[in-house]
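# A structural walkthrough
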Amino acid sequence: MVRMQFSYGLSLFCMDNIPGAWRRTASGAGLLSPQGEVAPTIFAEMSAFAARTGAINLGQGFPDEDGPFEVLEAAREAIAHGANQYPPGRGIPDLLAAISEHQQRFYGLTVDPDREVIVTAGATEALTATLLALLDSPDDEVVVFEPYYDSYAAAVALAGAKLRTVRLRAPDFQPDLDELAAAVSDRTRIILVNNPHNPTGTVFAQEVLSEVVRLADRHDATIVTDEVYEHLSFHQPHTPIATLPGAAARTLTISSAGKTFSVTGWKIGWVHGPAELITAVLTVKQYLTYANGSAFQPAIAVGLRLPDSYFADAAAAVLRKHELLGSALRSAGFEVHAPQGGYFTVADATALGGSDAAEFCRELPERAGVVAIPITAFVTPEHRANYAGLVRFAACKRVDVLEEAARRLSALS
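Residues numbered from 1 in each chain as written. Predicted model: local features only at pLDDT ≥ 70, side-chain atom pairs only at ≥ 80, totals over all residues. Heavy atoms only, no water.

### Describing the side chain of D140
Basically, it comes down to this: Helical segments are the DSSP runs of H or I of at least four residues, strand segments are the runs of E of at least two, and each set is numbered from the N terminus. A 1.4 Å probe rolled over the protein chains alone gives each residue an accessible area, and that area as a share of the maximum for its type sets the label: buried under 20%, exposed over 50%, partly exposed in between. For the purposes of these results, a polar contact is taken to be a pair of N or O atoms within 3.5 Å, where, inside protein, one atom must be able to donate a hydrogen and its partner to accept one; residues adjacent in sequence count only when each atom of the pair is a side-chain atom. By definition in these notes, contact holds between two residues if any of their heavy atoms fall within 4.5 Å.
Inspection of the secondary structure puts D140 in the loop between helix 4 (122-134) and strand 5 (141-146). On the accessibility criterion, D140 (8% relative accessible area) is buried. A polar contact of 2.9 Å, which involves the side chain of D140, links it to the side chain of R189. Setting aside its immediate chain neighbours within four residues, D140 contacts L134, L135, A161, K162, R187 and R189.

See the structure below:
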């Protein structure tokens, strides 16, 4: 295999030399088709259904309302005052400081803004750069909870490593701790934890987080966390794994501004952790985007310093939307698994003839004028039967849009 060698002993696989096996994600969805075309995702397919049929798109997880005025105005001011060229590769100093302040303010974490933080092109780049930096052998394994956000499998495949999954079971979508322990071994380089969790909406119990830390210590693995929904935990304060005893020295914490401030298109994310790990991630990141979002970075610094009431009100508003959507889904005949956090409500469509969730979602735009995503899009092929009837709906839309979706879904009953 041809590799591009970097100065910190890291490697990034040259894209011109990716073997065919690396063209597949661990979920079986092709990164490239046999003809060399970009393979469509389930999100693109369902969005096309929405456009063609006029259905309400509750598939993709982006809000249809703008974020707080102070944040939007700060971006306008930054553009007007010349913040339009490359920012520093690590991120502008004020945003690095704001991230450090945020972690101390909400979680009591001490983060060195000069050595322990990087600003990235969203959480997805932070995750991808981290996996490419820390995985360097086909024998390396990454343990994730399943269902999982689809980019995880793609990034692991691009790094040439192996994905090991631990099943989350309805109705609470908590893992079996014995199964978690069995999945983690000395081959495990990374335990990847998304909390609050997409797509299930679960918030992992304290004993789950503690077991992740115990296993990572026992097998000398790095913990990588995806915490983009950190301020959308509805019933309990968010607990970063890095706050648990013994975890900070081996944890890279990833988050972003998109979900917290309803600016998903700005793609401002970050990763923080031990300086030596951050240096490794930066070594890869500089060959991905190098830098991004020059005018948006100072705006997100403003957002992270908003008063506590903003964050509490934002979570309460999304919870109310989940309650509206959940009530509509129950009335339509779904079995609803109420989320504990995040953007998404998961419902079982079996009683409505949806034992094949993928086929049900393809028919739903015509049947009810609403688009959703099958949970089977987030699992490995051999485990799809375990989630066959489950469907994900996005609650992060305007109330009037959700009310119209509720009216349309009533036709199913």
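From this point, things continue past the structure.
### Describing the packing of aromatic side chains
Our working definition: Classification of ring pairs uses Phe, Tyr and Trp, with its six-membered ring standing for Trp, and accepts pairs whose centres are within 6.5 Å; under 30 degrees between planes counts as stacked, over 60 as edge-to-face, and the remaining range as tilted.
Applying the stated criterion across every chain yields a total of 14 aromatic pairs. Ring centres 5.4 Å apart and planes at 65° place the aromatic pair Y229 and Y343 in the edge-to-face group. In this pair, Y229 sits in the loop between strand 9 (222-226) and strand 10 (251-256) while Y343 sits in the loop between strand 12 (335-337) and strand 13 (344-348), placing the two residues 114 residues apart along the sequence. Y229 sits in the buried class, given a relative accessible area of 4%.

### A word on helix 1 (residues 42-53)
An α-helix turns once per 3.6 residues; consequently, residues spaced three or four apart project the same way. This is how the line gets drawn: Helix span, expected: 1.5 Å multiplied by one less than the number of residues in the helix. The directions considered for the arc run from the helix axis to the C-beta atoms.
When the terminal C-alpha atoms of helix 1 are compared, their 16 Å separation across 12 residues agrees well with the 16 Å that a helix rising 1.5 Å per residue should span. Within the span of helix 1, buried status applies to I42, F43, M46, S47, F49 and A50. Viewed along the axis of helix 1, the buried residues span an arc of 150°, placing them on a single side of the element. Exposed residues on helix 1 whose side chains face more than 90 degrees from its buried face are A51 and R52. Next to the buried residues of helix 1 lie strand 3 (56-57), helix 5 (150-158), helix 12 (357-368), strand 14 (370-371), strand 15 (373-374) and strand 16 (390-394).

### Topic: the nonpolar core
The condition is simple: Buried Ala, Val, Leu, Ile, Met, Phe, Trp, Tyr and Cys residues form a nonpolar core when they are joined through side-chain atoms within 4.5 Å. The start and end points of each domain follow an automatic or database-based domain assignment.
By size, the foremost hydrophobic cluster in this structure holds 61 residues, and its most contacted members are F145, F334 and F393. For this core, the element with the most residues is helix 7 (residues 206-219), which contributes 6 residues. Per-domain counts for this core show at least three residues from each of domain 1 (40-65 + 310-410) and domain 2 (69-305).

### Notes on the layout of surface pockets
Take a probe with the size of a water molecule and roll it over the atoms, and the empty space left behind shows itself. Here is the rule we go by: Grid points spaced at 1 Å over the protein atoms alone were grouped into cavities, where a 1.4 Å probe fits but cannot get out, and pockets, open sets with protein on both sides within 12 Å along at least five of seven lines, with lining residues defined by an atom within 4 Å of a point. Grid points are joined across faces, edges and corners, and a volume is the space filled by probe spheres set on the points. Throughout this entry, Asp, Glu, Lys and Arg are counted as charged residues, while Ala, Val, Leu, Ile, Met, Phe, Trp, Tyr, Cys and Pro are counted as nonpolar. The remaining residues, Gly among them, count as polar.
One number sums up the size of the second largest pocket: a volume of about 240 Å³. Contributing to the lining of the second largest pocket are 16 residues, with E65, S262, A317, V318 and K321 lying nearest its centre. For the lining of the second largest pocket, the secondary-structure elements that each account for two or more residues are helix 8 (258-261) and helix 11 (308-332). Examining the composition of the lining of the second largest pocket, we find that 5 residues originate from one element, helix 11, more than from any other. Here the residues of the lining of the second largest pocket sort into 9 nonpolar, 3 polar and 4 charged.

### Side note on the sheet that holds strand 5
Rule in force here: Two strands make a pair as long as DSSP finds a minimum of two bridges between them.
Spatially, the 8 strands line up as an open sheet ordered 4-11-10-9-8-5-6-7, and their pairing is mixed. Of all the strands in the sheet, just strand 4 (117-120) and strand 7 (174-175) have a single pairing partner and so form its edges. Relative to strand 10, strand 9 is paired through 4 bridges, and the arrangement is parallel. From the neighbouring strand, V224 faces strand 10, where its bridge partner is L252.

### Focus: the packing of helix 11 against helix 13 (residues 399-409)
Quick reminder of the rule: Whenever a helix is involved, its axis is fitted only over the stretch in contact; in every case the axis is a line through C-alpha atoms, and angles between N-to-C directions fall within 0 to 180 degrees. With respect to orientation, any angle under 35 degrees is reported as roughly parallel, any angle over 145 as roughly antiparallel, any angle of 65 to 115 as roughly perpendicular, and every other angle as oblique.
Between helix 11 and helix 13, the least distance of the axes is 9 Å, while the angle of their chain directions is 5°. When the interaxial angle is binned, helix 11 and helix 13 end up roughly parallel. Within the contact between the two elements, helix 11 uses K321, L324, A328, L329 and A332 and helix 13 uses V399, L402, E403, A406 and L409.

### Examining empty space enclosed by the protein
In total, this model carries 1 cavity of 30 Å³ or more according to the counting rule given. Looking at the lining of the largest cavity, the elements with two or more residues in it are strand 5 and strand 8 (188-194).

### A word on the environment of Y107
With respect to the helices and strands, Y107 occurs in helix 3 (residues 93-107). Sequence spacing of Y107 and P237 is 130 residues, and the spatial spacing of their C-alpha atoms is 9.5 Å. Discounting chain neighbours no more than four positions away, the residues touching Y107 are H102, E230, H231, H238, P240 and T243. Within the structure, the side chain of Y107 is placed 2.6 Å from the side chain of E230, a separation counted as a polar contact.

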